[in-house]
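Commentary on secondary and tertiary structure
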Amino acid sequence: MAKRNEPLVTHIYTADPSAHVFEGKLYIYPSHDLDHEKTSNDNGDQYDMEDYHVLSMEDPDAPCVDHGEALHLRDIPWAKQQLWAPDAAFKNDTYYLFFPARDGQGIFRIGVATGKSPTGPFKPEADYIPGSFSIDPAVLVDEDDKAYMYFGGLWGGQLEKWQTGEFLPDAEGPDPTEPALGPRVARLSDDMLGFASAPKEIAIVDENGRPILAGDEERRYFEGPWVHKYNGLYYLSYSTGSTHYIVYATSTNPEGPYHYRGRILTPVIGWTTHHSIVQFKERWYLFYHDSSLSGGADNKRSVKFTELHYNEDGTIRTIDPYEV
Ligand code: FUB
């Protein structure tokens with residue numbers, strides 16, 4: 001039986017869960033952390049993953065099933081290393097797995113693979129999505145069937161290096177008093193294999209409508225975007241990286257601007273924090289990870305979940321995953 005705030009599986013390390021309801025069941029698309037020793041650095045070299053497994057649960061109280069390898073690095077023609085946080089989507093009677101990886105030049109790009117089942121296997125396209133860059137794709141298929149990809153991550157995720165639209169290897173982020181870099185959003189083409197519009201930067205603003213600044217590390221965007229809809233409003237949630245929060249901002253438009261609203265998850269054991277939010281029947285759930293199972297190793301994480309609650313005004317109650 002899956003238990004709240006406990007690792008969903010313990011026979012492998014898993015991270016960066018993207019949860020969806022497909023065919024009436026919960027499917028979780030995590031990164032698959034390897035049990036190897038790597039020195040941790042700000043470039044994220046310790047996150048050296050090579051494949052994806054898909055997990056599922058009949059419902060939140062049922063046991064979690066590992067469906068085995070759904071895609072391996074060796075089968076992706078353009079990708080050289082580091083299969084980081086993936087997401088999945090369903091459209092056109094097809095399941096799509098979106099994933100970031102470094103190409104032969106060491107540049108993070110985003111690829112897509114397709115399958116007929118939510119558990120894969122997934123067949124990758126020959127090349128990465130043209131115009132894609134950085135990490136952490138999250139795909140929203142909206143009620144009007146338009147699909148959007150949100151993506152981007154600082155530091156090892158290389159978002160700083162794309163400020164001009166070109167990859168500049170030595171580029172650094174904005175000064176602390178300048179607006180922070182926002183995640184990117186692009187409309188996906190009808191076949192879900194490419195961008196229908198060039199990626200745009202999403203503005204995240206504070207309660208006065210001013211941009212969140214790069215030095216505001218408790219609120220500024222770092223990585224791991226996720227967009228869900230609640231009562232017609234778009235909720236963009238993300239990791240603040242160096243301060244280790246999952247926070248959120250809301251908008252009436254899927255492409256923003258988004259207004260900062262507050263914290264969803266307090267820091268977990270381990271450096272990274274990464275999540276997704278999904279509705280299953282009448283209830284809402286937060287999927288997240290921490291490094292408790294490995295005794296705190298940053299690159300050996302485990303996916304967990306808990307229930308998420310909204311207040312009457314649409315704000316989300318902050319979750320402390322270790323509260324007893
Ligand atoms: O798992 C590798 C990276 O760590 C992800 O892409 C980030 O979001 C962070 O969780």
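Our subject is the structure listed above.
In this report, the structure presented in the accompanying data block is examined.

Cut-off values and rules
Residues numbered from 1 in each chain as written. Predicted model: local features only at pLDDT ≥ 70, side-chain atom pairs only at ≥ 80, totals over all residues. Heavy atoms only, no water. Phe/Tyr/Trp six-rings, centres within 6.5 Å; stacked < 30°, edge-to-face > 60°. Helix = DSSP H or I, 4+ residues; strand = E, 2+ residues; numbered from the N terminus. Buried < 20%, exposed > 50% of the residue type's maximum accessible area, 1.4 Å probe, protein only. Lys NZ or Arg CZ within 6 Å of the ring centre and 35° of its normal. Polar contact = N/O pair within 3.5 Å; in protein donor to acceptor, adjacent residues only side chain to side chain. Contact = heavy atoms within 4.5 Å. Pairing = 2+ DSSP bridges. Core = buried A, V, L, I, M, F, W, Y, C linked by side-chain atoms within 4.5 Å. Near = heavy atom within 4 Å. Areas by Shrake-Rupley, 256 points an atom, 1.4 Å probe, with all protein chains shown as cover. Nonpolar A, V, L, I, M, F, W, Y, C, P; charged D, E, K, R; others polar. Axes fitted to C-alpha atoms, helices over the stretch in contact; angles between N-to-C directions. Salt bridge = Lys/Arg side-chain N within 4 Å of Asp/Glu carboxyl O.

1. Topic: the packing of aromatic side chains
What the rule picks out here adds up to 26 aromatic pairs. On the numbers, 5.7 Å between centres and 85 degrees between planes, the contact of Tyr230 with Trp284 is edge-to-face. Taken together, the positions of Tyr230 in strand S15 (residues 223–230) and Trp284 in strand S20 (residues 283–290) put the pair 54 residues apart, joining distant regions of the chain. For Trp284, a relative accessible area of 11% puts it in the buried group. Linked through ring pairs, Phe22, Tyr27, Tyr29, Phe90 and Tyr95 together constitute an aromatic cluster. Sitting above the plane of the Tyr260 ring, Arg219 keeps its charged end 5.3 Å from the centroid. One cation-aromatic arrangement involves Arg263 over Tyr245; the distance from NZ or CZ to the ring centre is 3.7 Å.

2. Here's the deal with the side chain of Thr315
Along the chain, the position of Thr315 falls in the segment after strand S21 (302–308). Polar side-chain contacts of Thr315 include one of 2.5 Å to the side chain of Asp313. Once residues lying within four places of it in the same chain are set aside, the contact partners of Thr315 are Tyr248, Arg261, His309 and Tyr310.

3. Here's the deal with the sheet that holds strand S13 (residues 200–201)
One open sheet holds the 4 strands; their spatial order is S10-S11-S12-S13, and the pairing between them is antiparallel. The outermost strands of the open sheet, each flanked by one partner alone, are strand S10 (138–141) and S13. Sheet analysis places strand S12 (residues 184–187) next to S13, joined by 2 bridges and oriented antiparallel. By the bridge assignment for S13, Arg184 is matched with Glu201.

4. Points about the environment of Gly314
When you line up the elements, Gly314 lands in the segment after S21. Sequence spacing of Gly314 and Pro257 is 57 residues, and the spatial spacing of their C-alpha atoms is 18 Å. In contact with Gly314, not counting residues within four places along its chain, are Tyr230 and Tyr235.

5. Topic: the nonpolar core
In terms of nonpolar packing, the biggest core is built from 38 residues, with Phe98, Met149, Tyr150, Leu188, Met192, Ile204 and Tyr258 touching the most fellow members. Mapped onto this core, the elements with two or more residues apiece are strand S7 (94–103), strand S8 (108–115), S10, strand S11 (147–151), S12, strand S16 (233–239), strand S17 (246–251) and strand S18 (258–265). Sort the elements by how many residues they give to this core and S11 lands first, with 5 residues. Here Tyr150 is in contact with Asp136, Pro137, Ala138, Leu140, Arg184, Val185, Ile202, Pro225, Val227, Pro254 and Tyr258, once residues within four sequence places are set aside. One finds Ala70, Leu71, Leu83 and Ala113 within the second-largest nonpolar core, a separate group that totals 19 residues.

6. Brief notes about the site of the ligand
Taken together, Asp16, Tyr47, Met49, Trp84, Ala85, Asp136, Glu223, Thr272, His274, His289 and Arg301 make up the full set of residues near the ligand. Interatomic distance of 2.7 Å between a side-chain N/O atom of Arg301 and an oxygen atom of the ligand. For the ligand, whose accessible area on its own is 280 Å², the fraction buried by protein is 99%. Residue composition of the shell around the ligand, grouped by class: 4 nonpolar, 3 polar and 4 charged.

7. Some words on the sheet that holds strand S1 (residues 13–22)
Strand order across the open sheet formed by 4 strands is S1-S2-S3-S4, with antiparallel pairing between neighbours. Unpaired on one side and paired on the other, S1 and strand S4 (65–72) mark the two borders of the sheet. Each neighbouring strand pair of the sheet contributes to a mean axis angle of 25 degrees, computed without reference to strand direction. For strand S2 (residues 25–33) and strand S3 (residues 51–57), the ladder comprises 3 bridges, and the chain directions are antiparallel. Directly across from Ile28, in S3, lies its bridge partner Leu55.

8. Let's talk about the pairing of S16
Burial within S16 is extensive, with 6 of its 7 residues counted as buried. What sits between S15 and S16 in their antiparallel hairpin is a turn of 2 residues, with Asn231 showing a positive phi close to 50 degrees. Relative to S17, S16 runs antiparallel, the two sharing 6 bridges. Across the sheet, Tyr238 pairs through a bridge with Val247, a residue of S17. Linkage of S16 to S17, two consecutive antiparallel strands, is achieved through a turn of 6 residues, within which Gly241 is found at a positive phi near 60 degrees.

9. Things to note about the pattern of salt bridges
Tallying each qualifying case throughout the model produces 19 salt bridges. Two residues, Asp35 and Lys300, come together in a salt bridge whose shortest N-O distance is 3.0 Å. Remark: Lys300 occurs in the loop between S20 and S21 and Asp35 occurs in the loop between S2 and S3; sequence separation between them is 265 residues. Between Arg283 and Glu307 there is a salt bridge, with its nearest N and O atoms 3.0 Å apart. Of the two residues, Arg283 sits in strand S20 while Glu307 sits in strand S21, which places them 24 residues apart along the sequence. A network of salt bridges, in which partner residues are shared, links Asp16, Asp33 and Arg301.

Fair warning: the whole summary comes from geometry, so function is off the table for now.
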